[in-house]
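As a plain string of letters, each chain reads:
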Amino acid sequence: MDTSILKAVNAERRARRPVAVITHLAEGRCQLIREGDAAPTGLHEAVASAFRTGKSVLVEADGQSLFLNVHLPPPRLVVIGAVHISQALALIAQIAGFDVEIVDPRTAFATADRFPNLSLHAEWPEQYLADAPLDPFTAVAAVTHDPKIDDLPIKAALDTGCFYVGALGSRKTHASRVKRLLESGASEEQIARISAPIGLDIGASSPAEIAVAIIADIVRALRTRGLPAEPG
Amino acid sequence: MHTTIDEAPDALTAAEVWLGEGRKVALATVIETWGSAPRPVGSQLVIDSDGNFLGSVSGGCVEGAVITEAQDVIAENQPRILEFGVADETAWRVGLSCGGRIRVYVERLS
């Protein structure tokens, strides 16, 4: 791999854009591929699959061994609401390898005492998102229960195609949320993507247990990326 | 750069920095695994001509051998493919105690 390709790969990774390098193992020749670029002949499926799953793979094409190394951005979790559940969720998510951001305009909640050593934003989601736009490799968990805070980032996450959109609240709360989102232009298909009630159903009760259920839900969404989970 | 418990630190970022400092650098990449390999396909290790390294291609089992081979790759500027597994005679020294096998592509960056 020459320096120009290495620099380009690193630039794409810093910008949180998916990128792949195809190496012709016999010749040592390399080629950079961005998501959506035309893949070389015979590699369309392998390239598409690598971008979808994030799995790098050795492929044989035209009698040549090619290695397809794909780099997807590290997953990020934006938690809307600096509540009790978020305190546990932020820690668990960091351990699971996520970059975590906490957003809550209520300064009584968003304090460094409650969220030590975490990236905390005591501002409205609208302001936060203007500075740090969502992307498909970001999960959004809205847990304030307050439509004034939760609704806008939920809609933004659906419009961006975030790989996970979860919203805390009872079925009744969610039903009124759905009504508001539809009125603000969300499609039925988008609504179906919202994980609500949030988290896998593991009978979670305490805030920390609910955090476990949420992170499990998020990991499943990340690893299946819209496909059914593999058994086992 | 983002780091996680199983992904820190980042070999490709280090490779760019090291090349910028004028160091001679090789990159090792896991291209194939069988059985219970410790690091997934695509895992990378960057090595310089002084034997400094960053990243990983296994749980520490074969890094030493890869670093040694990387010196030849840097000197000859010819990529090579290394294979490690418990079937190796050297299993106790550089094999994978987990029972897996891996193939590692080593190339010079220039």
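Predicted model only: the values in this text are computed from it and were never measured.

Calculation notes
- Residues numbered from 1 in each chain as written.
- Chains lettered and ligands numbered in written order.
- Predicted model: local features only at pLDDT ≥ 70, side-chain atom pairs only at ≥ 80, totals over all residues.
- Heavy atoms only, no water.
- Helix = DSSP H or I, 4+ residues; strand = E, 2+ residues; numbered from the N terminus.
- Buried < 20%, exposed > 50% of the residue type's maximum accessible area, 1.4 Å probe, protein only.
- Contact = heavy atoms within 4.5 Å.
- Areas by Shrake-Rupley, 256 points an atom, 1.4 Å probe, with all protein chains shown as cover.
- UniProt positions renumbered as here; feature names shortened; annotations may be inferred.
- Buried area = accessible area lost by both parts, 1.4 Å probe.
- Salt bridge = Lys/Arg side-chain N within 4 Å of Asp/Glu carboxyl O.
- Polar contact = N/O pair within 3.5 Å; in protein donor to acceptor, adjacent residues only side chain to side chain.
- Nonpolar A, V, L, I, M, F, W, Y, C, P; charged D, E, K, R; others polar.
- Pairing = 2+ DSSP bridges.
- Axes fitted to C-alpha atoms, helices over the stretch in contact; angles between N-to-C directions.
- Core = buried A, V, L, I, M, F, W, Y, C linked by side-chain atoms within 4.5 Å.

## Section: the overall build of chain B
Then, number 1: Within chain B, the regular secondary structure consists of three helices and five strands.
Then, number 2: Shown N-terminal to C-terminal, the secondary structure of chain B runs as helices and strands in the order α-β-β-β-α-β-α-β.
Then, number 3: The 110 residues of chain B split such that 45% are buried.
Then, number 4: For chain B, long-range pairs separated by at least 24 residues make up 51% of all intrachain contacts whose partners lie at least 6 apart in sequence.
Then, number 5: Entry remark: accessible area of chain B is about 5,300 Å², with carbon and sulfur atoms responsible for 48%.

## Let's talk about the UniProt feature "domain: XdhC- CoxI" (unreviewed entry) in chain B
Then, number 1: With numbering aligned to this structure, UniProt lists the feature "domain: XdhC- CoxI" (unreviewed entry) at residues 18–85 of chain B.
Then, number 2: Span residues 18–85 of chain B is 25% helix and 35% strand, its end C-alpha atoms 30 Å apart.

## Digging into the interface of chain B and chain A
Then, number 1: Counting residues at the interface gives 26 residues for chain B and 25 residues for chain A.
Then, number 2: In this assembly, chain B packs against chain A so that about 1,900 Å² is buried in total across both faces, 61% of it on carbon and sulfur atoms.
Then, number 3: Where chain B meets chain A, there are one salt bridge.
Then, number 4: Where Arg13(A) meets Asp10(B), a salt bridge forms, and the shortest distance between an N and an O atom there is 2.7 Å.
Then, number 5: Our enumeration of links across chain B and chain A arrives at six residue pairs in polar contact (both at pLDDT 80 or more).
Then, number 6: Counting residues per element, the ones that place at least two in the side of chain B that touches chain A are α1 (11–20), β1 (25–34) and β5 (101–109) of chain B.
Then, number 7: Classifying every residue of the side of chain B that touches chain A gives 13 nonpolar, seven polar and six charged.

## Some details on the environment of Val30(B)
Then, number 1: Its location among the elements puts Val30(B) in strand β1.
Then, number 2: Residue Val30(B) is classed as buried on the basis of its relative accessible area, which comes to 0%.
Then, number 3: Each C-alpha atom, one on Val30(B) and one on Ala15(B), is 16 Å from the other, the two residues being 15 residues apart in sequence.
Then, number 4: Once you skip the residues sitting within four places of it in the chain, Val30(B) turns out to touch Phe67(A), Arg39(B), Pro40(B), Val41(B), Gly42(B), Ser43(B), Val57(B), Arg103(B) and Val104(B).

## What about the sheet that holds strand β3 (residues 53–55) of chain B?
Residues and elements named next belong to chain B.
Then, number 1: If you walk across this open sheet you meet the five strands as β3-β2-β1-β5-β4, and the pairing is antiparallel. Taken across any chain shown, the strands that pair with only one partner, and hence form the sheet edges, are β3 and β4 (80–85). Shown here is a sheet whose adjacent strand axes are inclined to one another by a mean of 20 degrees, direction ignored.
Then, number 2: Bridging between strand β2 (residues 44–48) and β3 involves three bridges; their strand directions are antiparallel. Pairing of Val46 across the sheet is with Leu54, part of β3.
Then, number 3: Along the sheet, α1 contacts β1, β2, β3 and β5; its crossing angle with β2, the most-contacted strand, is approximately 20 degrees.

## Topic: the nonpolar core
Nonpolar side chains in soluble globular proteins tend to be buried together.
Residue and element names in this part refer to chain A.
Then, number 1: Ranked by size, the top nonpolar core spans 29 residues in total, and within it Leu77, Phe98 and Ile214 carry the most contacts.
Then, number 2: Every element with two or more residues in this core is listed here: β5 (76–80), α3 (84–95), β6 (99–103), β8 (138–142) and α8 (207–224).
Then, number 3: Counting residues in hydrophobic clusters, the runner-up holds 21 residues, among them Val103, Tyr128, Leu134 and Ala186.

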